[in-house]
Amino acid sequence: MFSAGLVLAACGDSGDGTATAGVTATTPTSESMTSVTTVEPGPTSSNSDSDGDGTSEGTGSQSGTTTGAVSTSGPEPTTGETATETTTATTLTTTTSPFTTGEDTDTGWWETTTSGDMCKPNIDIVFVMDVSTSMSAILQKLAEEILVVDQAIAALDVDTQPNYGLVVFVDDATLINNGTPYAAADSLQADFIQWSQFTQSNSQTDGNGSNSDWPENTIDGLYLAAFGFQWRPTETTLRMIIHTTDDTFGDKGANQSGEVIQHSYDETVLGLQEREIRVFSFVDNDMTGGPGNNEDVSMGFFTPYQGKTPIPQATDGGAFNINDVYEGQLSLSAAINQSVEDSLCSQYIPM
């Protein structure tokens, strides 16, 4: 917002949609940045099918060093990947919540841990971050703890280094590095620091316009991560989004500080589900949102949105109270690491 518990589960309504982004690169980051104002639909450039599923990952291209024009186009969510493994759910005992672990009959795509669970050998994590003025503290904490997260993931029984991505949003949304994974966690750490400083500008992520209202653009941020990042194939990859905001969001067509929301709740949830992306949200659940810090902004995160399943639950992810992080009652790195560990050997079961 422009002024300033844990739930783990798995449900959601569906819709369809196509994203095409008109992109202009700017910089307050150490990495190349793509500033996105999405429009429906348009020409496609340099899209790759990294999933091997016949759909375009929408990686885009960029001209120039600080400015350029790029067009990206995401595939229809209705053509996303579907899980083909035959699984038998069993209870996975954790210190936080009862996830399930799948037992697959085709081990060609999977690694087997010493406990006999079938686990994905790759981990992709995209951070989708609200960078409005009240969000500096959470970005600072991420900067402090991301190397701890990276070390814990590296200690897991996986074949490759984790791939990290970043999307930032206010009322618009920006995909960093054209969706290319960061070369190293310390580069991501540097961008967390720079975006933490950016929050004081009260600007949109493209550097144009001010943020004069308190709902922010979670929906386009999540959609952009789902269809813009270069995810590795679902068969071999745990796909996760770490999402942070302390406010509510607008749905498709809403005008927020001159920025029009491009995607609906339904099509965003469906796109996440079909691409088997788990969303773990650090969000407000204490009636402390809005300009007076007294609004309920839990809808769509902890509680239903217009009767629809909350996004974390709909995507087999989880929701954490962001105020617990601020108050030192919840370790950000521990929550992320536990979410990774709980999900790595668990069948994706959206609801």
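Here goes a summary of the coordinates provided. Nothing here was measured: the structure is a model prediction, and the numbers come from that model. (Residues numbered from 1 in each chain as written. Predicted model: local features only at pLDDT ≥ 70, side-chain atom pairs only at ≥ 80, totals over all residues. Heavy atoms only, no water.)

### Things to note about the packing of aromatic side chains
So, point 1. Per the stated rule, a full pass over the model turns up 10 aromatic pairs.
So, point 2. Ring centres 4.7 Å apart and planes at 70 degrees place the aromatic pair Trp 195 and Phe 198 in the edge-to-face group. Of this pair, Trp 195 and Phe 198 both sit in helix α2 (residues 185–198), three residues apart, roughly one helical turn.
So, point 3. Take Phe 198: its relative accessible area is 10%, and that puts it in the buried class.
So, point 4. A ring pair is formed by Phe 282 and Phe 320, whose centres lie 4.7 Å apart and whose planes are at 10 degrees; its orientation type is stacked. Residue Phe 282 is found in strand β15 (residues 277–283), and its partner Phe 320 is found in strand β16 (residues 318–321); the two are separated by 38 residues along the sequence. (Phe/Tyr/Trp six-rings, centres within 6.5 Å; stacked < 30°, edge-to-face > 60°. Helix = DSSP H or I, 4+ residues; strand = E, 2+ residues; numbered from the N terminus. Buried < 20%, exposed > 50% of the residue type's maximum accessible area, 1.4 Å probe, protein only.)

### Quick notes on the pairing of β16
So, point 1. Burial along β16 is two-sided: Gly 318 and Phe 320 facing one way and Ala 319 and Asn 321 facing the other are all buried.
So, point 2. Bridge count for β15 against β16 is four bridges, and the pairing is parallel. When the sheet's bridge partners are listed, Phe 282 is paired in β16 with Phe 320. (Pairing = 2+ DSSP bridges.)

### What to know about the environment of Leu 222
So, point 1. For Leu 222, the position within the fold is in helix α3 (residues 218–228).
So, point 2. Those residues in contact with Leu 222 that lie beyond four places of it in its chain are Val 128, Ile 241, His 243, Thr 268, Leu 272, Val 279 and Ile 311. (Contact = heavy atoms within 4.5 Å.)

### So, the state of the cysteines
Where two cysteines share a covalent bond between their sulfur atoms, that bond is called a disulfide.
So, point 1. For the coordinates displayed, the defined rule picks out one disulfide.
So, point 2. Linked covalently through their sulfurs, Cys 119 and Cys 345 form a disulfide whose S-S length is 1.7 Å. Between Cys 119 and Cys 345 the disulfide shows an S-S torsion of about 90 degrees. By sign, it is right-handed. Of the two residues, Cys 119 is situated in strand β8 (residues 118–119) and Cys 345 in the segment after α7 (332–344); the sequence distance between them amounts to 226 residues. Residues Cys 119 and Cys 345 agree in their burial class; the two are buried. (Disulfide = S-S within 2.5 Å.)

### Focus: the side chain of Asp 266
So, point 1. Looking at the secondary structure, you find Asp 266 in helix α4 (residues 265–274).
So, point 2. Given a relative accessible area of 19%, Asp 266 falls into the buried group.
So, point 3. At 3.1 Å, the side chain of Asp 266 and the side chain of Lys 308 are in polar contact. (Polar contact = N/O pair within 3.5 Å; in protein donor to acceptor, adjacent residues only side chain to side chain.)

### Side note on the pattern of salt bridges
So, point 1. The tally for this structure, following the rule as stated, stands at four salt bridges.
So, point 2. The partner of Arg 232 in a salt bridge is Asp 124, with the nearest N and O atoms 2.7 Å apart. With Arg 232 in the loop between α3 and β12 (237–244) and Asp 124 in strand β9 (residues 122–130), the pair connects residues that are 108 residues apart, well separated along the chain. Both residues of the pair, Arg 232 and Asp 124, count as buried.
So, point 3. In this structure, Asp 266 and Lys 308 form a salt bridge, with 3.1 Å as the shortest nitrogen-oxygen distance. (Salt bridge = Lys/Arg side-chain N within 4 Å of Asp/Glu carboxyl O.)

### Overview of α4
So, point 1. For α4, the tally of buried residues reaches 10 of 10 residues, placing the bulk of the element in the interior.
So, point 2. By the burial criterion, the buried members of α4 are Tyr 265, Asp 266, Glu 267, Thr 268, Val 269, Leu 270, Gly 271, Leu 272, Gln 273 and Glu 274.
So, point 3. Where α4 is buried, its residues meet α3, β12, β15 and α5 (311–314).
So, point 4. Glu 276 sits one or two positions beyond α4 and adopts a positive phi of about 55 degrees.

### So, the environment of Asp 124
So, point 1. For Asp 124, a relative accessible area of 0% puts it in the buried group.
So, point 2. With 57 residues separating them along the chain, Asp 124 and Pro 181 place their C-alpha atoms 8.7 Å apart.
So, point 3. When sequence neighbours within four positions are dropped, the list of residues in contact with Asp 124 reads Asn 163, Phe 229, Gln 230, Trp 231, Arg 232, Thr 237, Leu 238, Arg 239 and Met 240.
So, point 4. A polar side-chain atom of Asp 124 sits 2.7 Å from a polar atom in the side chain of Arg 232.

### Things to note about the packing of helix α1 (residues 136–154) against α7
So, point 1. Packing of α1 against α7 brings their axes to within 8 Å, and their N-to-C directions diverge by 45 degrees. The angle between α1 and α7 falls in the class oblique. Crossing of α1 over α7 shows right-handed handedness. On α7, the residues that touch Ile 138, Lys 141, Leu 142, Glu 145, Val 148, Val 149, Ala 152 and Ile 153 of α1 are Leu 332, Ser 333, Ile 336, Asn 337 and Val 340. (Axes fitted to C-alpha atoms, helices over the stretch in contact; angles between N-to-C directions. Parallel < 35°, antiparallel > 145°, perpendicular 65-115°, else oblique. Left-handed = near helix turned anticlockwise from the far one by under 90°.)

### Focus on the nonpolar core
So, point 1. In terms of nonpolar packing, the biggest core is built from 40 residues, with Ile 125, Phe 127, Met 129, Leu 166, Phe 192, Phe 282 and Ile 336 touching the most fellow members.
So, point 2. Counting residues per element, the ones that place at least two in this core are β9, α1, β10 (163–169), α2, β12, β15, α6 (322–326) and α7.
So, point 3. For this core, the element with the highest residue contribution is α1, accounting for seven residues.
So, point 4. Contacts of Met 129, omitting those with residues within four sequence positions, involve Leu 139, Leu 142, Leu 166, Val 167, Val 168, Phe 169, Phe 192, Ile 242 and Thr 244.
So, point 5. In this structure, Ala 173, Leu 175, Trp 231 and Tyr 265 belong to the second largest nonpolar core, which totals 29 residues. (Core = buried A, V, L, I, M, F, W, Y, C linked by side-chain atoms within 4.5 Å.)

### Some words on α2
So, point 1. In a regular helix each residue adds 1.5 Å, so 14 residues correspond to 20 Å; α2 covers 20 Å between its end C-alpha atoms and thus fits that length.
So, point 2. All buried positions along α2 are accounted for by Ala 185, Ser 187, Leu 188, Asp 191, Phe 192, Trp 195, Ser 196 and Phe 198. (Expected span 1.5 Å × (residues − 1).)

### Points about the packing of α3 against α4
So, point 1. Following both chains from N to C, one finds α3 and α4 inclined at 30 degrees, their axes separated by 9 Å at the closest point. Compared by their axis directions, α3 and α4 come out roughly parallel. Like other packed secondary-structure pairs, α3 and α4 cross with a definite hand, here left-handed. Here Ile 219, Leu 222, Tyr 223, Ala 226 and Phe 227 of α3 come into contact with α4, specifically with Tyr 265, Glu 267, Thr 268, Gly 271 and Leu 272.

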